[in-house]
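If you want the building blocks of each chain, they are given just below.
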Amino acid sequence: MKTLSTRKNVLVLNGPNLNMLGTREPAIYGSTTLADIEAACVSHGAALDLAVTCRQSNLEGELVTWIQEARGVQAGIILNAGAYTHTSIAIPDALTAAEVPFIELHLSNVFAREEFRHHSWLSPLAKGVICGFGAKGYSLALDAMADILD
Ligand code: DHK
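Let us look at the structure shown here. Being a predicted model, the structure only gives us computed values, none of them experimental.

1. Describing the overall build of the protein
Then, number 1: A count of helical and extended segments in the protein gives six helices and five strands.
Then, number 2: When the elements of the protein are put in sequence order from the N terminus, they spell out β-α-α-β-α-β-α-α-β-β-α.
Then, number 3: The C-alpha atoms of the protein give a radius of gyration of 14 Å, which matches the 15 Å a tight globule of 150 residues would have.
Then, number 4: Taking the principal axes of the C-alpha coordinates as reference, the protein spans close to 45 × 30 × 25 Å.
Then, number 5: Here the protein holds 150 residues, and the buried ones make up 47% of them.
Then, number 6: Put simply, the protein shows about 7400 Å² of open surface, and 55% of that area lies on carbon and sulfur atoms.
Then, number 7: Of the side-chain charges in the protein, 10 are positive and 15 negative, and the distance between the mean point of each set is 5 Å.

2. Overview of the nonpolar core
Then, number 1: Among the nonpolar cores identified, the biggest contains 22 residues, and V10, C41, V52 and I78 are the most heavily contacted of them.
Then, number 2: Of all the secondary structure elements, the ones that give two or more residues to this core are β1 (8–14), α2 (34–47), β2 (50–56), β4 (102–106) and α6 (136–149).
Then, number 3: If one sorts the elements of this core by residue count, α6 sits on top with six residues.
Then, number 4: Residues in contact with V10, not counting those within four places in the same chain, are L50, A51, V52, T53, Q74, G76, I78, L142, M145 and L149.
Then, number 5: Residues L11, L79, L122 and A126 belong to the second largest nonpolar core, which totals 19 residues.

3. Topic: helix α5 (residues 90–98)
Then, number 1: Every buried residue of α5 is accounted for by I91, P92, A94, L95 and A98. Projected onto a plane normal to the axis of α5, the buried residues spread over an arc of 155° and lie on a single side.
Then, number 2: On its buried face, α5 sits against α3 (60–70), β3 (76–80), α4 (84–87) and β4.
Then, number 3: Directly after α5, the chain includes E99, whose backbone phi takes a positive value near 55°.

4. A few points about the side chain of S108
Then, number 1: The residue S108 is located in the loop between β4 and β5 (128–131) in this model.
Then, number 2: Overall, S108 belongs to the buried group, its relative accessible area being 7%.
Then, number 3: Within the structure, the side chain of S108 is placed 2.9 Å from the side chain of R113, a separation counted as a polar contact.

Conventions used here
Residues numbered from 1 in each chain as written. Predicted model: local features only at pLDDT ≥ 70, side-chain atom pairs only at ≥ 80, totals over all residues. Heavy atoms only, no water. Helix = DSSP H or I, 4+ residues; strand = E, 2+ residues; numbered from the N terminus. Rg over C-alpha atoms; globule rule 2.2 N^0.38 Å. Buried < 20%, exposed > 50% of the residue type's maximum accessible area, 1.4 Å probe, protein only. Areas by Shrake-Rupley, 256 points an atom, 1.4 Å probe, with all protein chains shown as cover. Lys, Arg positive; Asp, Glu negative; His and termini not counted. Charge placed at Lys NZ, Arg CZ, Asp CG, Glu CD. Core = buried A, V, L, I, M, F, W, Y, C linked by side-chain atoms within 4.5 Å. Contact = heavy atoms within 4.5 Å. Arc of directions from axis to C-beta. Polar contact = N/O pair within 3.5 Å; in protein donor to acceptor, adjacent residues only side chain to side chain.

The structure is reproduced here in structure tokens:
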């Protein structure tokens, strides 16, 4: 176990409508709240010697600003960009500028859903993509990030 100050920082970033987890279409997104997911990320991260910070925004520009601020501060990003995955150019541009390795994450299996969810502007830049495992995907992503950063 490393001391707090030597732990690598990892940002868990959630985009639009993910603040509604728990009540939003539970058959698709599960019944775990975002607060529960974030608490689990912090404790699972600590077990992996990662210092996890969690943030959520419904605003594309705010997500862009946080990704920019991650440059030189965060060792990795786990990103569920919600619907911006399929529409945003600004978010992948920010990720390229920030030069922070990231894992793309979706709770649902986007490939088993509507066709417009099959395309992601993030996937070509991501270290990897995790989708379809619900809230458990966040701990899988942290495990993968720990390996990437090792
Ligand atoms: C979350 C969303 O809000 C959708 O817009 C994406 C993703 C899928 C998820 O599965 O976590 O299409």
